[in-house]
Each structure stands twice: as structure tokens, then as C-alpha cells.
Amino acid sequence: MCNFKIKNKARKSVFIGLIVILFIFGGSWFAGRAEPAAANRMELGDATQNGTNFYSYLPKVLNMPDAQTLFGVEVSKLQTGNNFNLIRSADFYFVRRNGLLWSAVEPVKNGGYNWGNVASLEQELLLASQNGLRPILIVRSTPSWAQRFNGYFCGPMKDEYFDEFGAFLAAAVARYSSPPYNVDYFEIWNEPDVDPAISPPDQVFGCWGDNGDKYYGGRKYGQMLNVVAPMMRAANPKVKILIGGLLLDCDPRNPPPGENCKPSKFLEGILVSGAKNSFDGVSFHAYDFYNYWNANTFGNPRWNSGKLNSEPNGVMQPVMSTKIAFINGVLGNFGATGKFLINSEVALVCGPALASPGGTGCEAADNSTFEQMKKAYAAQAYAVGLYEKLRANIWFSMEGWRNSGLVYGNGTPRPAYYAIKFAEDMLWQAVPISKITNYPNVVGYKFFTPAANNLWIIWATDGTSKNITLPATPKAIRDSAGNSVTVTGTSVTLSIQPYYIEMP
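Let me begin by describing the structure that accompanies this report. (Residues numbered from 1 in each chain as written. Predicted model: local features only at pLDDT ≥ 70, side-chain atom pairs only at ≥ 80, totals over all residues. Heavy atoms only, no water.)

**Description of the pairing of strand S9 (residues 297-300)**
Now for step 1: Of the two faces of S9, the one holding Thr-297 and Gly-299 and the one holding Phe-298 and Asn-300 are both buried throughout.
Now for step 2: Where strand S8 (residues 281-291) lies against S9, three bridges are found, and the strand directions are antiparallel. Of the residues in S9, the one forming a bridge with Phe-289 is Gly-299.
Now for step 3: Pairing of S9 with strand S10 (residues 305-306) involves two bridges; the strand directions are antiparallel. Opposite Asn-300, over in S10, you have Ser-305 as the bridge partner.
Now for step 4: Taking the residues that link successive antiparallel strands as the turn, the S9-S10 hairpin has four residues, and the phi of Asn-304 there is positive, at about 50°. (Buried < 20%, exposed > 50% of the residue type's maximum accessible area, 1.4 Å probe, protein only. Helix = DSSP H or I, 4+ residues; strand = E, 2+ residues; numbered from the N terminus. Pairing = 2+ DSSP bridges.)

Below, the structure written as C-alpha cells:
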């Protein structure tokens, strides 16, 4: 198997070859979009050949910097040290940071902006810029003088203060989107589709939800976007405005028994407000839950996804595909074209209801079975994210939530970290070609890469081993950790752990 991080002259020749191949297959012209200097990339527009979509990010040929990818991670604090070194070693590009607090910068009405109150955050943003990382910066926290619900920093501001919030955002864009910080992705709130009634008043997630509204408060959020977006773009026309990471609690098209899934109408409410031109992308969250009790399976039953106790015939693959289809459907219904999607929180987590007593199940940090499943999930998640054309796929997080972290308490990387690191190596500059659907209880994806050419990523989806016959003898096979797999002929036995198969 080739080294996928091709350097210097060799890298340049590979990229030139890739450009030629893409022109031959797709016949499309490059659709370059201006980006801040920190990104230093050119973007290839979609091309079609017999219904197949090609999509890739290519660095500028003149100076050939390291390629940028959709790979990202969230951190509670970005600082030099072990975790930072691991982020750089894995070649994560996006780093999500929560966040910039309006209440901290403008605690007093008409009192001006006190940027000194976020000096520590500014040092983090500077560190990111100096090391080629692209931050996704969450802006949240309504100051007490502007709150619609007294005491709820996580909630919305009163309508009459939309202008004040817009002025603050414009000041933040002017300050942080230029050197030395170079931040151009601004995410407005985090999980705003939560009702204040079920949210502590000062949390890292939002609480714009309104159970009395048909669209659960989404219209009010959209009205806010309509006010603040022009002000942000006046400060920098290249700024990327993100709808704050939507929780999307459950599927309103097929709700769980006894529920209406009204919170997931939030996005529709934003569009009903007429805000389709007031954002550039949709940030959303897509978690799956590990089940210690049922043959170590995972899924998200609130989105009818996966294979848990209630879905014995389910398919174990990340729920993000289901949520992406839902989001794209809503956007399409309102003609909201040209929007990119970011899965700003993805992970396999240990749900309390699925844990075992006594700390011996998936909640135990040293549970090797859970860690192996999380390793498989990580490899799957980044393959799916690339195939679905996400702008970024952000693992939550380095430190973790419900045992989702990429490092142990002593700073040692967990298996999922190595799976993501290897996935970045294998999928560097990969172009999605098609989904593999011709094997029962198996899912996979075909990619074109500069070094591997015809690369398959494939796994069994029902928790058992599956023997398949490949159309030709593979050139090489590696598992999700990068270990070589010896196979004679065309017969391969798959499991939940994805294989990277280089086909001739």
C-alpha cells in the first residue's frame, strides 16, 4: 500500500494527474471559491458522468500545501500539550470551539465591548491559525440585559435586541476573520432546538425551543438570522454563517411511539421565516448509542437507525446519513440551494440506559469491547461523511462525552483516534464514486484517491461475519487501524470493522 501523504515533487505530479483524470471523467471546469489565505485551497465543482458525482478539495498547485480535508475534532480548550500534538499528528483540519460568549464581551448594555474577557479564547484562535487549523467558532450566551427569558443565558434575546446582537457579531467578524486569527466559520448558538423548560439556564447548548410554536421556535431564530446576517456580511463578505448545531432529537417523519418530534421542525421554522438567504450552511449533530446488552450493537432508535433491541434486522451504520437526507429534504422543499452541511458533533457514545451496572460496561473507560466498536464507528463515520459531501465532520470530542473521547485520562490515544488518523491518511483527497449495495447485509463506498485509485471501504452491518466475493483480486487490504490483511484470491470475510480494499 502506498504512502498517502505524498510530498513535494511527487505530490505535485499526483495532483496534476488527478486533475487530468477528473477532467476526463467529468468534463467540468474548476469552480474556485475565494477563501481566506489560511485555507489556501481551490475547490472542485461537482461533475457528473453517467449519474456519478465527483467531489474533491485540491490545494493550489503553485505552492502545494498539505491537503485540507473534512476531518475535525472539538476541544474544550485548544492549547499546546499532548492533545494538541495528537491533533496535529492526525492531521485534523477543522477544530470546533465553544465558544465566544456575547454575555462576556458585552455584559452591560451600551457599555462597549470588553474583548479582554475572552483573551484566553483569542490565544486559542491564534494558536489554531499559526498551526494551519481552521476553527469553527460557536457564538452564544445572551447577556442578562437582553434575555427574553430572565436568567437563561442559553436562550434567545428579545426581538428589540436583534440589532445589538448583529452589531456584536459584526464586530466579532471584523476582529476574528482577518489576520492574525483568520476565523471565517461562525456558528450561531449550539443546539438551539431545545426548550428552556428542559434546559439548565447556563449551559453550552442552547434553548431557543418553544413547545407552543408549530415550528418549536425556529421562526424566531430565522428572524434573528435575517437581521444579523447582513451585518456580518458587511463586516466580511466571505464569512460563513452556520445555523447552530441542531440536535434533531428525533425523526418527525416517523416519530417514536407517543412523540411528535416537534423539536425537529426547528429547521423548517427557520425557512418559514424567509431566512434561506441568511445562512451559508447547516450544522447538525448525529450520535449513535452503544448497546452493551445486545451483542455489542449500536444505533439511534429515535431516528429508526442502527441495530438495537427494537431493531433486530437493523443496519449498523452511522445515523448521520438519515439526518443528512432529512436536512436536505427540508432545504429542498424551500428551494434553499447551495447550502453546505457540517456534522459538528459525531461520535459513538455510551447511553446511560444501555450501560451495565457496576461500571463494567461501555461507561468504563477501559472497556475494550466498546473501544473496538468505537474504532469501527469512527472509520465508518468519516467514510460516510466524505461520501455525503459534508464540508466538515467533527468528532466530539478529544476529551469525550459519555466515553466518546479520543484519549484516555492519562493522555494515551484510544483505538478510535488511530482509526481516524488512518482514515485521514487513506481518504486524503478522496473523490467519492458510488455506494456499494450488491452484497446483502454489507455496506461500503467506492472512492478514487491519488495513490490508491480504486479504493473500497466496506463492512458487515448486522453484527455477524459476512463472506463476499470481490470482482477481482485486490491489490491490498487494510483494517481500520492500518494493519495489512492477508487474503488469497477474491474471497473476503467482513465484520463490523471496516476494511480498506485497494482494487485494481
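Structure shown, so let's carry the discussion forward.
**Remarks on the packing of aromatic side chains**
Now for step 1: Following the criterion strictly, the structure yields 27 aromatic pairs and no others.
Now for step 2: With 6.1 Å between their ring centres and 45° between their planes, Tyr-445 and Trp-459 make a pair best called tilted. Taken together, the residues Tyr-445 in strand S14 (residues 442-449) and Trp-459 in strand S15 (residues 453-460) connect sequence positions 14 residues apart. You'll find Tyr-445 and Trp-459 in the same group, each marked buried.
Now for step 3: Positioned above the aromatic ring of Phe-279, the side-chain terminus of Lys-339 is 4.4 Å from the ring centre.
Now for step 4: We note Arg-391 situated over the ring of Phe-340; from NZ or CZ to the ring centre the distance is 4.1 Å. (Phe/Tyr/Trp six-rings, centres within 6.5 Å; stacked < 30°, edge-to-face > 60°. Lys NZ or Arg CZ within 6 Å of the ring centre and 35° of its normal.)

**Focus on the state of the cysteines**
Now for step 1: Considering all chains together, one arrives at two disulfides under this definition.
Now for step 2: Cys-154 shares a disulfide with Cys-207; S-S distance 2.0 Å. Judged by the sign of its S-S torsion, about 90°, the bond between Cys-154 and Cys-207 is right-handed. Of this pair, Cys-154 sits in the loop between strand S5 (134-140) and helix H5 (162-176) while Cys-207 sits in the loop between strand S6 (185-188) and helix H6 (218-235); the two residues are 53 residues apart in sequence, bridging distant segments of the chain. (Disulfide = S-S within 2.5 Å.)

**Considering the side chain of Asp-195**
Now for step 1: When you line up the elements, Asp-195 lands in the loop between S6 and H6.
Now for step 2: For Asp-195, the side chain forms a polar contact with the main-chain nitrogen of Asn-211, separated by 3.2 Å.
Now for step 3: When sequence neighbours within four positions are dropped, the list of residues in contact with Asp-195 reads Cys-207, Gly-209, Asp-210, Asn-211 and Tyr-216. (Polar contact = N/O pair within 3.5 Å; in protein donor to acceptor, adjacent residues only side chain to side chain. Contact = heavy atoms within 4.5 Å.)

**With respect to the pattern of salt bridges**
Now for step 1: Under the definition given, this model contains 19 salt bridges.
Now for step 2: Residue Glu-124 pairs with Lys-77 through a salt bridge whose shortest N-O separation is 3.6 Å. Highlighted residues: Glu-124 in helix H4 (residues 119-130) and Lys-77 in the loop between strand S3 (71-75) and helix H2 (82-89), separated in sequence by 47 residues.
Now for step 3: Assessed through its relative accessible area of 3%, Glu-124 is described here as buried.
Now for step 4: A relative accessible area of 35% places Lys-77 in the partly exposed class.
Now for step 5: One salt bridge connects Arg-253 with Asp-251, and the closest N-O pair in it is separated by 2.9 Å.
Now for step 6: Given a relative accessible area of 48%, Arg-253 falls into the partly exposed group.
Now for step 7: On the basis of relative accessibility, which here comes to 5%, the residue Asp-251 falls in the buried class. (Salt bridge = Lys/Arg side-chain N within 4 Å of Asp/Glu carboxyl O.)

Bear in mind that shape data such as this cannot, by itself, settle questions of function.
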